[in-house]
Amino acid sequence: MKIDILTLFPEMFVSPFNASIIKRARERNLIEINTINIRDYSRNKHHTVDDTPFGGGAGMVMMPEPLFECFDHLKEMHGGQLGRVIMMCPQGQPFTQEYAKELAREEHLVLVCGHYEGIDERVRENLITDEISIGDYVLTGGELPAMVVVDAVSRMIPGVLGEAASAEEDSFYHGLLEYPHYTKPREYRGLAVPDILLSGHHENIRRWRRRQSLLRTLERRPELLKGVELSKEDKKVLRELLELLQG
Ligand SMILES: NC(=O)c1ccc(NC2CCCC2)nc1
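Everything numeric in this text was worked out from a predicted model, so none of it was measured.

Novice: Before we go on, may I ask you to explain helix 2 (residues 64-77) in this structure?
Specialist: Each α-helix winds once per 3.6 residues, and so residues spaced three or four apart point in a common direction. Between its terminal C-alpha atoms helix 2 stretches 20 Å, which fits the 20 Å expected from 14 residues at 1.5 Å a residue. For helix 2, the set of buried residues is Pro 66, Leu 67, Cys 70, Phe 71 and Leu 74. Looking straight down helix 2, one finds that the buried residues subtend no more than 130 degrees of arc, so they occupy a single side. Check the buried side of helix 2 and you find it contacts strand 1 (2-7), strand 2 (32-37), strand 4 (61-62), strand 5 (84-94), strand 6 (108-113) and helix 4 (121-127). Phi turns positive one or two residues past the end of helix 2, at Gly 79, with a value near 60 degrees.

Structure representation (structure tokens):
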């Protein structure tokens, strides 16, 4: 997959994409990430990219010209046709694991990072195919949300995570919250690891983990349960847990 990120602050993306899973995926050519400085496409002599809002009001708005010019150049480089062009903004569709899985099936993504008070509406109306929000809060720019989207989407690309299982087990991959994790030592400051995990009995461990996921989801995010495919065993466990919780 190729990801082009349009931003006024390309330097923000250097370290997040040069570490851990994303770094390894780039080295293995599973993903290619390019940052493009929107300012390079400003045609006026001062290279301005923002101006005061028509109709008054505080702050500055990003001008349409640099983004349209940049978009034309990207289209040229991709044989005249671009795929998904995603703008990060609080008004966008909530970003979810399902959305990440869908985007991971694309060959090419363009992420547009706004700054200041926002981007001229003519950009949204004419260049953007998807608007995505990573949560109901306002950030200084679209850069941090873009990093979140790149991370979550990259993990869904075959081969990036190595053992396919870890993508499978990602909590939101099955719609449930993840079970608790433990590692060495078996006891630390008097705090022990649940015996079941030391038993080597894989079926019992699977059951325990599923029960823990169901319990956590029931306690913390019960609304997620309606989107999950529940087995007969799951429903039995949930009935028991409900009795326990309702006491
Ligand atoms: N919740 C979010 O995903 C989000 C995205 C962008 C943003 N700020 C940007 C939007 C245009 C100018 C600043 N704030 C929040």
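Novice: What is the right way to look at the site of the ligand in this model?
Specialist: What surrounds the ligand is a group of 17 residues, the closest being Ser 133, Ile 134, Gly 135, Tyr 137 and Leu 139. Within the backbone of Gly 135, a nitrogen or oxygen atom sits 2.8 Å from a nitrogen atom of the ligand. Tyr 137 is positioned such that a nitrogen or oxygen atom in its backbone is 3.1 Å from a nitrogen atom of the ligand. Burial of the ligand by the protein amounts to 95% of the accessible area it has alone, namely 380 Å².

Novice: Help me out: how do you make sense of the environment of Ala 104 in this one?
Specialist: Counting through the fold element by element, Ala 104 comes out in the loop between helix 3 (97-103) and strand 6. Assessed through its relative accessible area of 15%, Ala 104 is described here as buried. When neighbours within four sequence positions are excluded, Ala 104 is seen to be in contact with Met 1, Val 153, Met 156 and Ile 157.

Novice: Got a minute to help me understand the pattern of salt bridges in this structure?
Specialist: Oppositely charged side chains can form a pair if their charged atoms are brought close together. Evaluation of the coordinates by the stated rule reveals 16 salt bridges. The partner of Arg 84 in a salt bridge is Asp 130, and the shortest N-O contact between them spans 2.8 Å. Note that Arg 84 is positioned in strand 5 and Asp 130 in strand 7 (residues 130-133), a separation of 46 residues in sequence. For Asp 130, a relative accessible area of 8% puts it in the buried group.

Novice: Can you help me understand the nonpolar core in this one?
Specialist: Note on soluble globular proteins: their nonpolar side chains tend to be buried together. If you look at the biggest cluster of nonpolar residues, it comprises 29 residues, and the most contacted ones within it are Ile 5, Phe 95, Leu 103 and Val 153. Listed by contribution, the elements that provide at least two residues to this core are strand 1, helix 1 (20-27), strand 5, helix 3, strand 6 and helix 5 (143-155). Not counting the four nearest positions on each side in its chain, Leu 103 is found in contact with Met 1, Arg 84, Ile 86, Phe 95, Leu 109, Ile 132, Val 149 and Val 153.

Novice: What should I look at first to understand the pairing of strand 2 in this one?
Specialist: Bridge count between strand 1 and strand 2: 6 bridges; the pairing is parallel. Its bridge partner lying in strand 2, Leu 6 is registered against Ile 36. For the crossover from strand 1 across helix 1 to strand 2, the handedness is right-handed.

Cut-offs applied
Residues numbered from 1 in each chain as written. Predicted model: local features only at pLDDT ≥ 70, side-chain atom pairs only at ≥ 80, totals over all residues. Heavy atoms only, no water. Helix = DSSP H or I, 4+ residues; strand = E, 2+ residues; numbered from the N terminus. Expected span 1.5 Å × (residues − 1). Buried < 20%, exposed > 50% of the residue type's maximum accessible area, 1.4 Å probe, protein only. Arc of directions from axis to C-beta. Contact = heavy atoms within 4.5 Å. Near = heavy atom within 4 Å. Polar contact = N/O pair within 3.5 Å; in protein donor to acceptor, adjacent residues only side chain to side chain. Areas by Shrake-Rupley, 256 points an atom, 1.4 Å probe, with all protein chains shown as cover. Salt bridge = Lys/Arg side-chain N within 4 Å of Asp/Glu carboxyl O. Core = buried A, V, L, I, M, F, W, Y, C linked by side-chain atoms within 4.5 Å. Pairing = 2+ DSSP bridges. Right-handed = clockwise from strand over helix to strand, strands pointing away.

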